[in-house]
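# Observations on chain architecture
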Amino acid sequence: MLQAFRDAEAAIAPVMDSLQISEDPQYLSRPSIVTVEDDELGPIKMQNVFPFLSRTPGTIRHAGLKIGQHNESVYVGELGMSHTELNQLKSDGVI
């Protein structure tokens, strides 16, 4: 089957899982996968910001937010709940 692609001069590439990607020489030669420090999980590997721009390079600020980190700004600030209502949701185990 690969020969048919070669004969047609068509592009073909394997579909890789995360383990194969983490060991692939092409990925390893570029900063495609980076290690990011997480407060709860420690160092974790994740995809870097893409594309790589020389004048305005992207950065990874965090591996992800903590659960409920922005509850107050969403429930009180955006949805207009009172702090009492928010605390009641917390004590009831809703959030």
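Summary of the structure given here. What you see is a predicted model, and the numbers here were worked out from it, not measured in a lab.

So, about the side chain of D38. Mapping D38 onto the fold places it in strand β1 (residues 33–38). At 2.8 Å, the side chain of D38 and the backbone nitrogen of L41 are in polar contact. Contact partners of D38, with chain neighbours within four places excluded, come to A63 and G64.

Right, let's get into the pairing of strand β2 (residues 42–47). When β1 meets β2, the two strands line up antiparallel, connected through six bridges. Opposite I33, over in β2, you have Q47 as the bridge partner. Joining the antiparallel neighbours β1 and β2 is a turn of three residues.

What you tend to see is this: most non-glycine residues have negative phi, and most peptide bonds are trans. Residue P51 is reached from F50 by a cis peptide bond, and omega for that bond is 5°. Relative to the helices and strands, P51 is located in the loop between β2 and α4 (71–78). Backbone geometry places E9, a non-glycine residue, at a positive phi of 50°. Within the secondary structure, E9 is located in the loop between α1 (2–7) and α2 (18–23). Classification of E9 as exposed rests on a relative accessible area of 75%.

The rules we used
Residues numbered from 1 in each chain as written. Predicted model: local features only at pLDDT ≥ 70, side-chain atom pairs only at ≥ 80, totals over all residues. Heavy atoms only, no water. Helix = DSSP H or I, 4+ residues; strand = E, 2+ residues; numbered from the N terminus. Polar contact = N/O pair within 3.5 Å; in protein donor to acceptor, adjacent residues only side chain to side chain. Contact = heavy atoms within 4.5 Å. Pairing = 2+ DSSP bridges. Buried < 20%, exposed > 50% of the residue type's maximum accessible area, 1.4 Å probe, protein only.

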